[in-house]
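# Report on the structure
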Amino acid sequence: MDVIISTLAVFWLILAIFFILIKRGLWIFSDVSKSLSMFMLEKALGPAIDFVSGRPGSATTAWIIHGFVWTFAASTFTFVGLWLTHDPTALHSFESWGYHPKSSELIYAGRLTALFGAIGMMVIGASLHALPKLSGTNLASESNATLVSLLWTLSVLLMFIGSQNSVILGITILPVANLLLSLASIAIVINMVITVSEATKDIPFPGWLILFAVIGNIAAILAVFVSGAYEEGTGQWLLFHLSGGTFFFCGLAGVSLYSASVGSGNPLWSKSLVAFTLFGALVTINPMGSTDSSMVTDLFSLSSSELDATSRDVISGSFLMALAAMPIIAFSANMLVTLRGSDAFVENPDAPGIAELNLGSWMLVPVAIGALFVQTDALGGVNELTGISQSLDLMAIWLVMIPLSLGAALSILPRASGRHQLSENRSRWAYWMMTGGAFLGLLITMMSDFTDMALTESMAEQGASINDELRKVGSVMFYGTVVGAIFHCTNAISGQFRGRAVQTASTSSTSSISVESYTLTSPTTIRKILASGATLDTEVSPSGQSEEEGSATEL
Amino acid sequence: MVLGFVTMLSFLVLYGILFPGRDMPVVSEVLPMFEGVFDSGIWFFLLGVIFGAFSIIATMLAEATSE
């Protein structure tokens, strides 16, 4: 049976229904459902909702700060996991406490906490600021969104525990964590949909990317379960990649495009490319991520099935993954040109987050193309490149997704909280530590993977000593990421208390909305006019001024 | 802190002169508990991680209570 196309057909149908419901509402039941949903978000929670602040921006701040802390935790787990690959007994003293740390389990913990804790929380935090701004309204319930951040963090903590010890007191931990995460996701979706229903203007495409990120993830889960594909290896593989293409890719694209435009002061280079990114992300299969979809089976408590795709699935899957290169390149190109504006260089490289956004956009295309080869190889059952799958997956996380989400979070946090980071200098150090650590560390680890593959292919009896040395250097290099994450955490936390206050709300263009007219009151440069969001079609109106002294008006 | 460090070193030297060849009281009994624990280079990095984690917590507490 053709699993991929039939599941995707259900997925597209569910997305179409969601889209129609958002545009048209629920006919005469719209007001009732809106009031009921608001009641569920706030009053129904009883005294719990009074624990959190409902001031504007509090939800975004809470989600982003949690995301920073999870970035530190995820980098630590990944570092220790990478170290244990060449020195498996390094932490054997923990065994006296009943804990047996393993490389694979710690890297798995690092992936879970990076994806759902760091990236997930920073993307949602940035979305909670960007979506209301793009809709010209306020977030429906700041209090609920702030409260839900605690629930989400609890679920990620359970994910970490479940990755180390899957069953505690007879309870399988990861499905419980997934249940809590789903509950938090539903609350966020309802909050966003009610926010959008109050929109005072047409929602630009980055807003739709954010909406389809949260809705698409739910649609992907529904589609795989409705079509019955969850029992097959191909269905589980597809769910892993549909979640990657919706929640992670669309979410990252939405908040990154918004942040690139707001942070640089340049209007989006091409609205058509944003629309193409959205359409392409939903109709194709994103190749980024691991070839091993055990994360899906663990989170949904499914029996793991081997990836054994039929020839029709291999053809359709490979074709749709190759097609995904188009929205990925469109998004990357749009980001890079938007950051540069009309110049050859990034307009304001010292602005918070801009360097991270630039890095993520650069690294996206090579990592995605590498992932395309590895996934096609795995889907076709060849499995010649499976050896580099883990390193490539870590590269996608630490060189594409974390920089993009971190860049968006750094750019949006001052706008939401009203205070800048404590030190630009520390922020720059953190960027270089994280970038250098992740790039060199994972590149050297991948070199070791290639050596391993070559040795396996030649059926060598003994491993090469250089391999362990490479893995050791790779893990030590990756430690820079941990240090960078610590810098970012302390910088952001201190900035909330002692950071320079944001003087005025940003008057630069927001996202894809360009200025239609520009009033020229004093001599200025064309660069400043363009930086304020004007395009070539903007009408510049000189405001008449007189240098003569004023006097009383004669009646 | 510097004064404390210098005083500690002075007393250690004095103990070595007064009781040559003898183990340090308490410390010599505690140190064997850590035998086999710090036998890998990863602990050097983990100490940095622990320092970082505490610096994050300390930053939160200090900033929240300083105003």
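The structure reproduced in this document is the subject of the present report.

Reading the values: the criteria
- Residues numbered from 1 in each chain as written.
- Chains lettered and ligands numbered in written order.
- Predicted model: local features only at pLDDT ≥ 70, side-chain atom pairs only at ≥ 80, totals over all residues.
- Heavy atoms only, no water.
- Salt bridge = Lys/Arg side-chain N within 4 Å of Asp/Glu carboxyl O.
- Helix = DSSP H or I, 4+ residues; strand = E, 2+ residues; numbered from the N terminus.
- Buried < 20%, exposed > 50% of the residue type's maximum accessible area, 1.4 Å probe, protein only.
- Contact = heavy atoms within 4.5 Å.
- Buried area = accessible area lost by both parts, 1.4 Å probe.
- Nonpolar A, V, L, I, M, F, W, Y, C, P; charged D, E, K, R; others polar.
- Phe/Tyr/Trp six-rings, centres within 6.5 Å; stacked < 30°, edge-to-face > 60°.
- Patch = residues over 30% accessible without salt bridge, like charges linked within 9 Å, V, L, I, M, F, W, Y side chains within 5 Å.
- Areas by Shrake-Rupley, 256 points an atom, 1.4 Å probe, with all protein chains shown as cover.
- Expected span 1.5 Å × (residues − 1).
- Axes fitted to C-alpha atoms, helices over the stretch in contact; angles between N-to-C directions.
- Parallel < 35°, antiparallel > 145°, perpendicular 65-115°, else oblique.
- Left-handed = near helix turned anticlockwise from the far one by under 90°.

## Examining the pattern of salt bridges
Residues and elements named next belong to chain A. On inspection of all chains with the given rule, the structure shows five salt bridges over all chains. A salt bridge links R111 to D393; the nearest nitrogen and oxygen atoms lie 2.7 Å apart. Of this pair, R111 sits in helix 4 (residues 103-135) while D393 is found in helix 14 (residues 389-417), placing the two residues 282 residues apart along the sequence. The two residues R111 and D393 agree in class, both being buried. Note that R471 is salt-bridged to D452, the shortest N-O span being 2.8 Å. Here R471 is found in helix 16 (residues 465-498), whereas its partner D452 is found in helix 15 (residues 424-457), with 19 residues between them in sequence. The exposure class assigned to R471 is buried, which follows from its relative accessible area of 12%.

## Let's talk about the interface of chain A and chain B
Residue-level contacts link 22 residues of chain A with 20 residues of chain B. Around 1,800 Å² of area is buried between chain A and chain B when both sides are counted, 75% of it from carbon and sulfur atoms. The interface formed by chain A and chain B holds one salt bridge in total. A salt bridge links E63 of chain B to R498 of chain A, with the nearest nitrogen and oxygen atoms 2.7 Å apart. Contributions of two or more residues to the side of chain A that touches chain B are made by helix 3 (58-86) and helix 16 of chain A. In terms of residue count, helix 16 of chain A provides more of the side of chain A that touches chain B than any other element does, 10 residues in total. Here the side of chain A that touches chain B is built from residues that sort into 15 nonpolar, five polar and two charged.

## Some thoughts on the packing of aromatic side chains
Residues and elements named next belong to chain A. Counted under the stated rule, the structure contains 22 aromatic pairs over all chains. Between F116 and F248, the ring centres sit 6.0 Å apart and the planes meet at 65°, which makes this aromatic pair edge-to-face. In this pair, F116 is assigned in helix 4 and F248 in helix 8 (residues 233-264), connecting sequence segments 132 residues apart.

## Describing unusual backbone geometry
Residues and elements named next belong to chain A. In this structure, L169 is a non-glycine residue whose phi angle is positive, near 55°. Take L169: it is sitting in the loop between strand 1 (167-168) and strand 2 (171-172). With relative accessibility at 84%, the residue L169 sits in the exposed group. Unlike most non-glycine residues, S301 shows phi in positive territory, near 55°. Take S301: it is sitting in the loop between helix 10 (294-299) and helix 11 (311-323).

## Overview of a nonpolar patch on the surface
A grouping of L13, I17, L21, L26, W27, I28 and F29 of chain A is seen on the molecular surface, where their side chains present a nonpolar patch of about 780 Å² in accessible area. With respect to the helices, strands and loops of the structure, F29 of chain A is situated in the loop between helix 1 (3-24) and helix 2 (30-41).

## Overview of helix 12 (residues 325-340) of chain A
Residue and element names in this part refer to chain A. Spanning 16 residues, helix 12 covers 23 Å between terminal C-alpha atoms, matching the ideal 22 Å at 1.5 Å per step. Among the residues of helix 12, those classed as buried are P327, I328, A330, F331, S332, N334, M335, L336, T338, L339 and R340. The inward-facing, buried residues of helix 12 abut helix 8, helix 9 (271-283), helix 11, helix 13 (354-379) and helix 14. Looking one or two residues beyond helix 12, the residue adopting positive phi is G341, at roughly 60°.

## Here we look at the packing of helix 13 of chain A against helix 14 of chain A
All names here are of chain A. Running from N to C, helix 13 and helix 14 cross one another at 155°; their axes reach a closest spacing of 8 Å. As judged from the angle between their axes, helix 13 and helix 14 are roughly antiparallel. As helix 13 runs across helix 14, the sense of the crossing is left-handed. Each of E356, L357, L359, G360, S361, M363, L364, V367, G370, A371 and V374 in helix 13 lies in contact with helix 14, whose residues at this interface are S389, L392, M395, A396, L399, V400, P403, L404, L406, G407, A408 and L410. Residues belonging to the contact of helix 13 with helix 14 are distributed by class as follows: 17 nonpolar, five polar and one charged.

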